[in-house]
Amino acid sequence: MNKNSESPVKFEIDDEQGYLVIRFEGEIDLYGTPHAREVILNCLKSERNTVIDLSAVNYIDSSGVASLVEGFQQAKNQQLEFGLINISDAVQNVLELAHLDKVFTIHASLDERIQAS
Amino acid sequence: MKQTDENDQPTATLDQHLALLARMTQEFTTSLDIEETLNNAIKQMMDTMHAEAASIFLLENNDTELVCRTCAGPIQLTGLRLPADHGIIGNTVKQNTVQMVLDVSTDPDFTAQVDEQTGFTTRSILCAPLTVKGKKLGAIELINKKTDNGLFVADDQHILTALAASAALAINNAEMASALIEQERIQHELELAREIQANLLPSASADDFPVHGYNLPMREVSGDFYDYFTLPDGRIVFNLADVSGKGMNASLLMAKTSSLFHCLGKTQTSPGKLLQRVNNEVHENSTRGMFVTMVGGIFDPKTNEIILANAGHQPPMLQYADGHFEEILGQSPPLGIMPDIEFPETRLNLANGTLYIYTDGVTESQQDGKMLGEAGFQVMINAHRDKPVTMRIKAMFENLQREGRELHDDVTVLVIENKPQTPSLSLSIPAKANYLKQLRDSARDVALSAGSSKEQADSIVLAISEAASNIIQHAYKGDEGEIELNIHVASELEPAQLVINLRDYAETIDINEIRSRALDDVRPGGLGVHFMKQLMDNLVYTVPEDGRGNRLEMRITINE
């Protein structure tokens, strides 16, 4: 488990059932996005399937959404799995606004994702 | 004049002369303490040029007198005043040429007046004018060469001419420097006066207080003033006044009248009688020809009744809740002209309207040679009518100060309004990403208290945060700067709207460049404007009234 309390966006990474699960917490805005983006891309760099738990993210802006899209595209290039789980209403609304709610694979939990595959 | 063989004279060598010239020039150009420099210079000149005495006379008193500013030699002449046309020195200045008189006893221009006063015997004189760019300053005079025959030679004349040129420059520089220092001293005192004067005005009221004033002085000190204060029974006494004339006199009369009103207004609550008393006091010892126009009144926030009296001031304007304007006329003369006049009172009900009391600096402001006038002022008020009163006043003064508008007089406005308060926000943050959360938190509070649902508040917050992010990234491009956020409720609209204004001071951006990208173009940062457009009912980019930076106005109907 990895923890970083100095960043504007807090996160934990767990290795569960063959996935790296990044659990972000806080507000992913212009201030937090560069950090969140780095965390996502680093996980993909290690050639691991990655899912992002967004249950504790109460605000995400266009820059945060863009970093999710970048992770999604990067994973596709590397033929890795990339998905979102457990997303908060706030994140759901913004993804809908960006018409990206159908682009990402979104599941209620990691278990649900594994069952669905 | 006698002619002399120069070779017989033990004159200073050329080297010595050049050294003196270099030294003097150096001292003259670097020193601003002219007295000390000249004192040293005159002594060195006297010694090097083997003169018995030397002096510098400068023109004073509109060039009617020559005054000895410094001298060297056996006789103290400093402070001696001569008529400007006096003797050889007067001639030197007048003709602007070097005069060399080898034997004064034969020279018709020589006047023995000084010798008679001092007991000194003048035999020969070398005198050079001091001029800078044709401006006559005075002259340098050397007296009696310390040689057997005591006569000056042609070389001396050349050296003194050169020295006089650099001395003149130094004197001129020093005079300009001291004029500058004097100017700065006056400037400093005016700034102090302005500060004192600003302190006589009431400090800015809380947003929900019914009376607000603003004064923009055109000079350091202003002739306009306003005042308001609350009586123990909750009524508010107020005034706005304009002192005739400008500058220091006007501001002193302003201070006096303002103090009188403030003091007497606490016990005399009938505006007519109050103005009558102030008038008598001002008249009793006012400078001839100075007067004060004033609107004084009292407002009762419980009943919304205003009682006004007007001493020669231009009529205040009442804007009723339905938008139409009425001038509140008054017929009395200004304060300070005649004693014992009565000032009739006008009663009006403010209801949900707004009373504007202002000085003619507002209506006489010009754009393209055209005065704003009452009608123009009404248009300006209407342009900002839906703003809360403090924002409205700020916006109106931004309008008045925008580029191209000429203000000729102090501009002062007093606004009385007693409308139910709607939530509003006025916030300024540094253009840095780590301040966005603060912006969002404040915006969310206002949206919720204005009646937005939680979902709508989320949308408003997202739109504002995206707009501010764009300002940070694309307007300031990472440079330091400020972002101002104003939110208010346009409650006169049906249904009411939340009006959101974001303003920056970065370079004005070409509006055509602000476009939302296509949805499949999901490069980082490409979604912000799309979000804003989706979330808000209306989105308008404009250049602010004062011509700097960018303004974005977003509107959303509150929980449609």
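Rules used in this analysis
Residues numbered from 1 in each chain as written. Chains lettered and ligands numbered in written order. Predicted model: local features only at pLDDT ≥ 70, side-chain atom pairs only at ≥ 80, totals over all residues. Helix = DSSP H or I, 4+ residues; strand = E, 2+ residues; numbered from the N terminus. Buried ≥ 20, exposed ≤ 12 C-beta atoms within 10 Å, placed from the backbone. Contact = placed C-beta atoms within 7 Å. pLDDT = per-residue confidence, 0-100. Axes fitted to C-alpha atoms, helices over the stretch in contact; angles between N-to-C directions. Left-handed = near helix turned anticlockwise from the far one by under 90°. Nonpolar A, V, L, I, M, F, W, Y, C, P; charged D, E, K, R; others polar. Pairing = 2+ DSSP bridges. Core = buried A, V, L, I, M, F, W, Y, C linked by C-beta atoms within 7 Å. Expected span 1.5 Å × (residues − 1).

> Please explain the overall build of chain B as it appears in this structure.
Within chain B, the secondary structure is distributed over 13 helices and 24 strands. A burial count over chain B gives 39% of its 560 residues as buried. Counting only contacts in chain B whose residues sit at least 6 apart along the sequence, the fraction spanning at least 24 positions is 65%.

> What's the story with the overall build of chain A in this structure? I'm lost.
Helices and strands together make up the secondary structure of chain A, namely four helices and five strands. When each of the 117 residues of chain A is scored for burial, the buried share is 43%. If you take every contact in chain A between residues at least 6 apart in sequence, the share linking residues at least 24 apart comes to 65%.

> Please explain the interface of chain B and chain A as it appears in this structure.
A common way to report how large an interface is uses the accessible area buried once the components associate. With 20 residues of chain B at the interface, the matching set in chain A holds 19 residues. Sorting the residues of the side of chain B that touches chain A by element identifies α11 (436-449), α12 (454-475) and α13 (528-535) of chain B as the ones contributing at least two each. Sorting elements by how many residues they give to the side of chain B that touches chain A places α12 of chain B first, with six residues.

> Please clarify how the confidence of the model for chain B should be interpreted in this entry.
A low pLDDT means the predicted coordinates there should not be read in detail. Residues and elements named next belong to chain B. For chain B, mean pLDDT is 86; residues scoring 70 or higher make up 92% of the total. Predicted confidence is poor over residues 1-10, with pLDDT under 50, and the contacts of this stretch with residues over four places away or in other chains come to 14 contacts. Under the prediction, the complex receives an ipTM of 0.91, its pTM being 0.56.

> Could you clarify how one ought to interpret the packing of α12 of chain B against α13 of chain B in this entry?
Angle between the axes and distance between the axes: these two values describe a pair of packed helices. Residues and elements named next belong to chain B. Between α12 and α13, the least distance of the axes is 9 Å, while the angle of their chain directions is 145 degrees. Taken as a pair, α12 and α13 cross one another with a handedness that is left-handed. Here α12 contributes Ser459, Leu462, Ala463, Glu466, Ala467, Ser469 and Asn470 to the contact with α13, which in turn contributes Gly528, Phe531, Met532 and Leu535. Here the contact of α12 with α13 is composed, by residue class, of six nonpolar, four polar and one charged.

> What's the story with the sheet that holds strand β18 (residues 405-406) of chain B in this structure? I'm lost.
Two strands in a sheet stick together by hydrogen bonds in their backbones, pointing the same way (parallel) or opposite ways (antiparallel). Residue and element names in this part refer to chain B. Taking strand neighbours across the sheet as the criterion, the three strands line up as β17-β16-β18 in an open arrangement whose pairing is antiparallel. Edge strands, defined here as strands with exactly one partner in the open sheet, are β17 (370-371) and β18. As defined by bridge partners, strand β16 (residues 366-367) adjoins β18 across two bridges and the pair is classed as antiparallel. Residue pairing for β18: Gln367 is matched across the bridge by Arg405.

> What is the right way to look at the nonpolar core in this model?
All names here are of chain B. Counting residues in hydrophobic clusters, the biggest one holds 71 residues, and the most contacted among them are Ala463 and Ile464. Leaving out residues up to four positions away in the same chain, Ala463 has contacts with Phe531, Met532, Leu535, Met536 and Met554. Judged by nonpolar contacts, the second largest core, of 49 residues, contains Ala309, Leu335, Ile381 and Ile416.

> Explain helix α2 (residues 62-77) of chain A here, please?
Residues that lie three or four places apart on an α-helix share one face, since the helix turns once every 3.6 residues. Residue and element names in this part refer to chain A. Over its 16 residues, α2 extends 22 Å from the first C-alpha to the last, a length consistent with the 22 Å expected when each residue adds 1.5 Å. Those residues of α2 that sit buried are Ser62, Ser63, Gly64, Val65, Ala66, Ser67, Leu68, Gly71, Phe72 and Ala75. Backbone geometry just after α2 places Gln79 at a positive phi near 55 degrees.

> How should the pairing of strand β19 (residues 411-417) of chain B be read in this particular structure?
Along a regular strand, successive side chains alternate from one face of the sheet to the other. Residues and elements named next belong to chain B. Within β19, six of the seven residues are buried, which leaves it mostly tucked inside the rest of the structure. When strand β7 (residues 211-216) meets β19, the two strands line up antiparallel, connected through six bridges. When the sheet's bridge partners are listed, Asn215 is paired in β19 with Thr412. In this sheet, β19 lies alongside strand β15 (residues 354-358) in antiparallel orientation, the contact comprising five bridges. Within β19, the position partnered with Tyr356 by the bridge is Val415.

> In this structure, what is going on with the environment of Gly323 of chain B? I would like to understand it.
Mapped onto the elements of the fold, Gly323 of chain B is located in the loop between β12 (317-319) and β13 (325-327). C-alpha of Gly323 of chain B to C-alpha of Gly353 of chain B: the two residues are 30 residues apart in sequence and 8.1 Å apart in space.

> Explain unusual backbone geometry here, please?
Generally, phi is negative for residues other than glycine and the peptide bonds are trans, each holding for most cases. Phi is positive for His99 of chain A, which is not a glycine, with a value near 55 degrees. Its location among the elements puts His99 of chain A in the loop between α3 (89-97) and β5 (106-107). With 13 C-beta atoms counted inside 10 Å, the residue His99 of chain A sits in the partly exposed group. Of note, the phi angle at Asn96 of chain B is positive, near 55 degrees, even though the residue is not glycine. Residue class for Asn96 of chain B comes out partly exposed when judged on the 14 C-beta atoms lying within 10 Å of it.

> Would you explain the sheet that holds β13 of chain B in this entry?
Residues and elements named next belong to chain B. Here we have five strands laid out as an open sheet, ordered β7-β19-β15-β12-β13, and antiparallel in their pairing. On the outer flanks of this sheet lie β7 and β13, each paired with one strand and no other. The average angle at which neighbouring strand axes cross in this sheet is 20 degrees, direction not considered. Across the face of the sheet, helix α10 (residues 389-400) comes into contact with β7 and β19 while running at roughly 20 degrees to β7.

> Would you take a moment to explain the packing of α11 of chain B against α12 of chain B for this structure?
All names here are of chain B. At their nearest, the axes of α11 and α12 sit 9 Å apart, and the two run at 145 degrees to each other. For the pair α11 and α12, the crossing hand works out as right-handed. Facing α11, whose interface residues are Leu436, Leu439, Arg440, Ala443, Arg444, Ala447 and Leu448, α12 presents Gln456, Ala457, Ile460, Val461, Ile464, Ser465, Ala468 and Ser469. The class makeup of the residues in the contact of α11 with α12 is ten nonpolar, three polar and two charged.

> What's the story with the pairing of strand β5 (residues 125-132) of chain B in this structure? I'm lost.
Residue and element names in this part refer to chain B. Of all eight residues making up β5, six are buried, and the element is well covered by its neighbours. Examined bridge by bridge, strand β4 (residues 99-101) and β5 share three bridges and lie antiparallel to one another. Looking at β5, one finds that Gln99 is bridged to Cys127. Bridge count for β5 against strand β6 (residues 135-145) is eight bridges, and the pairing is antiparallel. Each bridged residue has a counterpart across the sheet, and for Val132 the counterpart in β6 is Lys135. The turn linking β5 back onto β6 is made up of two residues, and Lys133 within it adopts a positive phi angle of 45 degrees.

> Even after reading the chapter, I still don't get the confidence of the model for chain A, so can you show me in this structure?
With 94% of its residues at a pLDDT of at least 70, chain A reaches an overall mean of 91. Between residues 1-5 of chain A, whose pLDDT stays under 50, and residues either more than four places distant or in other chains, the model counts nine contacts.

> Please clarify how the environment of Ile75 of chain B should be interpreted in this entry.
Residues and elements named next belong to chain B. In this structure, Ile75 sits in the loop between β2 (65-72) and β3 (81-83). C-beta crowding within 10 Å serves as the criterion here: with 17 such atoms nearby, Ile75 is assigned to the partly exposed category. Each C-alpha atom, one on Ile75 and one on Phe120, is 7.3 Å from the other, the two residues being 45 residues apart in sequence. The residues contacting Ile75, other than those within four sequence positions of it, are Ala53, Thr118 and Phe120.

> Please explain helix α3 (residues 87-95) of chain B as it appears in this structure.
Residues and elements named next belong to chain B. Along α3, the positions that sit buried rather than exposed are Gly87, Ile88, Ile89, Asn91, Thr92 and Val93. Considering only its buried residues, α3 is in contact with β1 (51-60), β2, β4, β5 and β6. Note on α3: the residue one or two positions beyond its end, Asn96, has a positive phi of about 55 degrees.

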